[in-house]
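Notes for the structure review
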Amino acid sequence: MTTLPSSTARALAVQSRTVKLVLVVASQLAFLSLGSAQASTQCLAPAFEWLPRGPVTHLSRVFQACREAGEPTRLATRTFEKGKQKYVHLVDPESLETTIVPALCLQCEEAEQVAWGNTRLFRALALATMPQRSLENVGVRHATRWVNGYFLTVDLCPSRKAGFDEEIFDALEALAPERGPGVPVGVAVSGLWVRAHRAQFEWLVEQQRQQRLRITWINHTYSHPFDARLPVGRNFLLEKGVNVDYEILGLEKLLLEHGVVPSVFFRFPGLVADRGLEDLLRSFLLIPVGSDAWLAKNETPQLGSIILIHGNENEPAGVDDFLKWLDKHRGLDANFLNISDVF
Ligand SMILES: [Zn+2]
């Protein structure tokens, strides 16, 4: 693990604040031009990334179109409160990037789904939730267009093991000098893993802050229900009594409390779901991600594959296979792409 010298870290923080202040001033001017002087002063709410770690309350699902000065209209999918301020979780419907903006800096109105149906976000939702016969490996499994690379996803399901497979991330960071800042990786994280592995989670968050990795945080539910005695059709999120809303929002709340922005991607525990769960996921505007290259199951990555390995020390065979594969493809061949490029 490496850390920036504190002077460099401070300089970066000041730089980031300056950028945000410029944005705030720009939005002030825009609001003033709309004749709303009151909105301009209130828009000085602290940016989400300035907030200290702390409780998040009133996290709820919304579907609104929001406008911020100088930005294209984006979709609001959640609102929440942190540090006595209201924030909005926004999705860019074309890039699929997510961000968090103080509610006071936005003008929002209820959105109609028909108006957004042709966006990349809704096309991706439709493709990833196409009807399939099996309950297993639900979600998009492979790029839906030709791409020159692979999508790596690392699952962090709850685990009794004290550590994690840091060597996966070290190997990705070692690629970075050849490939620019930070290799993209999807980390499918569960809440119980975070709670039992605070230091490891913070280390990952720090790698992202320092742009040593480009992490897309994939929601893998809060408690990741699983009972080895139950058949697939009544297991994971299909187990009786599981509160799926809580599983989804509980993980998002935990990430937000740590200053981490959730993405639009989701991985079902066990990759298992039925039609009802897929419909529910769509109503949360979350895109399910499966895999066609689960390495511990001897599936071999092809160009465009969504690779799955576990980083929680529960599946060392997959990690070994990945490191060997990486070694073999160490040339220009092992090109990792951002998960949103699947669509
Ligand atoms: Zn899992």
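Everything here concerns the structure above.
Here goes a summary of the coordinates provided. Please read all numbers here as calculations on a predicted model, not as lab measurements. (Residues numbered from 1 in each chain as written. Predicted model: local features only at pLDDT ≥ 70, side-chain atom pairs only at ≥ 80, totals over all residues.)

As a further point, take the overall build of the protein chain. Each helix and strand in the protein chain was counted, giving 9 helices and 12 strands. When the 343 residues of the protein chain are sorted by exposure, 39% land in the buried category. A fraction of 71% describes how many contacts in the protein chain between residues 6 or more apart in sequence connect residues 24 or more apart. (Helix = DSSP H or I, 4+ residues; strand = E, 2+ residues; numbered from the N terminus. Buried ≥ 20, exposed ≤ 12 C-beta atoms within 10 Å, placed from the backbone. Contact = placed C-beta atoms within 7 Å.)

Time to look at helix α6 (residues 198-209). Over its 12 residues, α6 runs 16 Å from end to end, which matches the ideal 16 Å to within 8%, given 1.5 Å per residue. Within the span of α6, buried status applies to Gln200, Phe201, Leu204 and Gln207. Each buried residue of α6 sits inside an arc of 115° when the element is viewed along its axis, so together they form one side. Across α6 from its buried face, at more than 90 degrees, point the exposed residues Arg198 and Ala199. Remark: glutamine 211 follows α6 within two positions and exhibits a positive phi of approximately 60°. (Expected span 1.5 Å × (residues − 1). Arc of directions from axis to C-beta.)

For the rest of this paragraph, the subject is the pairing of strand β7 (residues 183-189). The buried fraction of β7 amounts to 7 of the 7 residues, a majority that puts the element mostly inside the structure. Burial along β7 is two-sided: Val183, Val185, Val187 and Val189 and Pro184, Gly186 and Ala188, pointing in opposite directions, are all buried. In the sheet, strand β6 (residues 151-156) pairs with β7 via 4 bridges, with the strands oriented parallel. Within β7, the position partnered with valine 154 by the bridge is valine 187. Of the pairings in the sheet, the one linking β7 to strand β8 (residues 213-219) comprises 7 bridges and is parallel in character. Bridge pairing links valine 185 to isoleucine 215 in β8. (Pairing = 2+ DSSP bridges.)

Of all hydrophobic cores here, the largest spans 79 residues; its most connected members are Val187, Ile287 and Ile307. The residue makeup of this core includes at least three contributed by each of domain 1 (6-114) and domain 2 (120-342). Those residues within four positions of isoleucine 287 in sequence are excluded, and the remaining contacts are Ala124, Leu125, Ala128, Val264, Phe265 and Phe266. (Core = buried A, V, L, I, M, F, W, Y, C linked by C-beta atoms within 7 Å. Domains from an automatic or database assignment.)

What follows concerns the sheet that holds strand β2 (residues 74-82). Strands sit in the order β4-β3-β2-β1-β5 across an open sheet of 5 strands; the sheet is antiparallel. In this open sheet, the two strands that pair with only one neighbour each are β4 (98-102) and β5 (107-110). The sheet shows a mean angle of 40° between the axes of neighbouring strands, taken without regard to direction. In this sheet, strand β3 (residues 85-91) lies alongside β2 in antiparallel orientation, the contact comprising 7 bridges. (Axes fitted to C-alpha atoms, helices over the stretch in contact; angles between N-to-C directions.)

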